[in-house]
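# Summary of structural features
Next come the chains, spelled out residue by residue.
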Amino acid sequence: MINEPKGGGVERGTGTTMSGEMRATGRSGAPKLSIADLAIDYRIKRTGETLRAVGDVSFDVFAEEFVCIVGPSGCGKSTLLNAIAGLVPYSDGRIALNGQPIAGPGSDRAVVFQAAALLPWRTALDNVAYGIELRGLNKREARQRATRMMELVGLEGSEQRYPHELSGGMQQRVNVARALVADPDLLLLDEPFAALDAQTRENLQDELLRIWERARKTSLFVTHQLDEAVLLADRVVVLSKGPVSTVSGIVPIGFPRPRDRTLRRGSAFIDAIAEIERIMQL
């Protein structure tokens, strides 16, 4: 029998306060990541017109918390994640990690994209080690750390395979290992399983739950799959329909950890999905 979520309740709107965040997460202290009154604009080159994609977005993420972002197609989920990664400039508001404003890419963040984009001429192990080698770590130490990450993601024995010798799911696990080996303060995942078949996707969800239990990395995960969000997250941030999307609500997911896919069988899991769907329709 699956336990009912603890805490319950939904925070709505963009005026999420620190105390409200604390009540929802059961955590105290300063947030790891803080987003306040964020707005992101983009310019259409052909016309010179500036359009607002995201406006007045505010929420916090606490240390060792796993937060998912969901919302209708085109609402700016990936745009928001890319702004946190420092890859997209924002027009107004503030993004801060460990109290320091984010103004561009940094080694304190690592991104796992939908496409693994591994270097085809490097082995899986060398792909994982590549980033930390570029940062000046000697090759021996980089390979040792990469080997540990390959073990963490369940790919021991596949270190010397090249990307074309790996399945899509294995390539994404290499992609996750490549992000984790840098030991980032914040792990950002942009629909990393979206291109995979349903069975592989469910297997990798289980793998990610296992990896997170061991690594406990503060994580922000974008997905359009509501069941995936409920399975993985401590809280789900729901964005409104664009243009100029904002936060419609934040849903606490109180299922105990460790978790696995058997969680899906319970009525409480279905109820959590229904609550997110209801907020998305507001």
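Everything below is about the structure shown above.
Here we summarise the structure given alongside this text. (Residues numbered from 1 in each chain as written. Predicted model: local features only at pLDDT ≥ 70, side-chain atom pairs only at ≥ 80, totals over all residues. Heavy atoms only, no water.)

## As for the overall build of the chain
Test applied: Numbering of helices and strands starts at the N terminus; helices are DSSP runs of H or I of at least 4 residues and strands are runs of E of at least 2. Computation of the radius of gyration draws on C-alpha atoms, with the globule rule given as 2.2 Å multiplied by the number of residues to the power 0.38. We call two residues in contact when some of their heavy atoms are within 4.5 Å. Here the Shrake-Rupley method, with its probe set to 1.4 Å, supplies the accessible areas, and only the displayed protein chains count as covering residues. Residues counted as positive are Lys and Arg, residues counted as negative are Asp and Glu, and His and the chain ends are not counted. To locate a charge, the coordinates of NZ of Lys, CZ of Arg, CG of Asp or CD of Glu are taken.
Assigned secondary structure in the chain consists of eight helices and 11 strands. Computed over C-alpha atoms, the radius of gyration of the chain comes to 19 Å, within 12% of the 19 Å expected from 2.2 N^0.38 for 282 residues, which places it in the range of a compact globule. Taking the principal axes of its C-alpha atoms as reference, the chain extends roughly 55 × 50 × 40 Å. When contacts within the chain are restricted to residue pairs at least 6 apart in sequence, long-range pairs at least 24 apart make up 72% of them. Carbon and sulfur atoms provide 49% of the accessible area of the chain, an area that totals close to 12,900 Å². The chain carries 35 positive and 35 negative side-chain charges, and their two centres are separated by 3 Å.

## As for the side chain of Gln 172
Convention followed: Exposure is judged per residue with a 1.4 Å probe applied to protein chains only, and the accessible area is read against the type maximum: over 50% gives exposed, under 20% gives buried, and values in between give partly exposed.
Take Gln 172: it is sitting in helix α5 (residues 168-180). Using a relative accessible area of 3% as the deciding quantity, one classes Gln 172 as buried. The contacts of Gln 172, once residues within four sequence positions are left out, are Phe 113, Gln 114, Ala 115, Ala 116, Pro 192, Leu 196 and Leu 204.

## Some remarks on the packing of α5 against helix α6 (residues 198-215)
Any two packed helices are characterised by how steeply their axes cross, that is the angle between the axes, and by the distance between the axes. The test is simple: Angles shown run from 0 to 180 degrees and are taken between the N-to-C directions of axes, each axis being a line fitted to C-alpha atoms and, for helices, limited to the stretch in contact. Between 65 and 115 degrees an angle is taken as roughly perpendicular, under 35 as roughly parallel, over 145 as roughly antiparallel, and anywhere else as oblique. Left-handed describes a crossing whose near helix is turned anticlockwise from the far helix through less than a right angle; right-handed describes the clockwise counterpart. We call Asp, Glu, Lys and Arg charged. Ala, Val, Leu, Ile, Met, Phe, Trp, Tyr, Cys and Pro are nonpolar, and the rest, Gly among them, are polar.
Contact geometry of α5 with α6 gives a least axis separation of 10 Å together with a crossing angle of 25 degrees. Relative to α6, the element α5 is oriented roughly parallel. α6 is crossed by α5, and the crossing has right-handed handedness. Of the residues in α6, those in contact with Gly 169, Gln 172, Arg 173 and Leu 180 of α5 are Thr 200, Leu 204, Glu 207 and Ile 211. Looking at the contact of α5 with α6, its residues break down into three nonpolar, three polar and two charged.

## Here's the deal with unusual backbone geometry
For the peptide bond that leads from Arg 257 to Pro 258, omega is 0 degrees, which places it in the cis range. One can find Pro 258 in the loop between β11 (247-252) and α8 (267-280).

## Quick word on the sheet that holds strand β3 (residues 50-61)
What counts, and what does not: Note: two strands are recorded as paired if DSSP finds a minimum of 2 bridges between them.
One open sheet holds the four strands; their spatial order is β3-β2-β5-β6, and the pairing between them is antiparallel. A strand with exactly one partner marks an edge of an open sheet, and here the two such strands are β3 and β6 (100-101). Sheet topology note: the strand β2 (residues 33-43)/β3 ladder contains eight bridges and is antiparallel. When the sheet's bridge partners are listed, Leu 38 is paired in β3 with Val 57. Of the strands in this sheet, β2, β3 and β5 (92-97) touch helix α2 (residues 77-85), which is tilted by about 115 degrees from β2.

## So, the nonpolar core
Defined as follows: Throughout this description, the term nonpolar core refers to a set of buried Ala, Val, Leu, Ile, Met, Phe, Trp, Tyr and Cys residues connected via side-chain atoms within 4.5 Å.
Counting residues in hydrophobic clusters, the biggest one holds 56 residues, and the most contacted among them are Cys 68, Val 128, Phe 221, Val 230, Val 236 and Ile 276. Residues Ile 40, Ala 53, Leu 81 and Ile 250 belong to the second largest nonpolar core, which totals 28 residues.

## Regarding α8
Formally: One less than the residue count of a helix, multiplied by 1.5 Å, gives the span that helix is expected to have. Arc, as used here, means the arc of the directions from the helix axis to the C-beta atoms.
With 14 residues, α8 ought to run about 20 Å at 1.5 Å a step, and its terminal C-alpha atoms sit 20 Å apart, in line with that. Within the span of α8, buried status applies to Ala 268, Phe 269, Ala 272, Ile 273, Ile 276 and Ile 279. Buried residues of α8, seen end-on, are gathered within an arc of 145 degrees and therefore sit on one face of the element. If you follow the buried residues of α8, they end up packed against β4 (66-70), α7 (226-232), β10 (235-239) and β11.

## Quick notes on the side chain of Asp 190
Note the cut-off: A carboxyl oxygen of Asp or Glu within 4 Å of a side-chain nitrogen of Lys or Arg is what we treat as a salt bridge.
Inspection of the secondary structure assignment puts Asp 190 in strand β8 (residues 186-190). It turns out Asp 190 is buried and unbridged, and the closest side chain with the opposite charge, Lys 77, is 8.0 Å from it.

## What to know about the packing of aromatic side chains
Basically, it comes down to this: Two rings from Phe, Tyr or Trp (for Trp, the six-membered ring) form a pair when their centres sit within 6.5 Å of each other. Planes less than 30 degrees apart are called stacked, planes more than 60 degrees apart edge-to-face, and all others tilted.
Within the structure shown, the criterion is met by four aromatic pairs. Plain terms: the ring middles of Phe 66 and Phe 221 are 5.9 Å apart, the flat faces sit at 35 degrees to each other, and that makes the pair tilted. Of the two residues, Phe 66 is situated in strand β4 and Phe 221 in strand β9 (residues 219-222); the sequence distance between them amounts to 155 residues. Looking at Phe 221, the relative accessible area reads 0%, which means it is buried. One aromatic cluster is present, formed by Phe 66, Phe 193, Trp 212 and Phe 221 through successive ring pairs.

## Regarding the pairing of β11
Burial of β11 is extensive: six of the six residues sit out of reach of the surface. One ladder, built from five bridges, connects β10 with β11; its direction is antiparallel. Looking at the pairing, Val 237 lines up with Ile 250 of β11.

## Focus: the pairing of β10
Counting buried residues along β10, five of its five residues qualify, which places the element largely inside the surrounding structure. The alternating pattern of β10 places Arg 235, Val 237 and Leu 239 on one face and Val 236 and Val 238 on the opposite face, and all of these are buried. Relative to β10, β4 runs parallel, the two being bridged by four bridges. The residue bridging Val 70 from the neighbouring strand is Val 238, located in β10.

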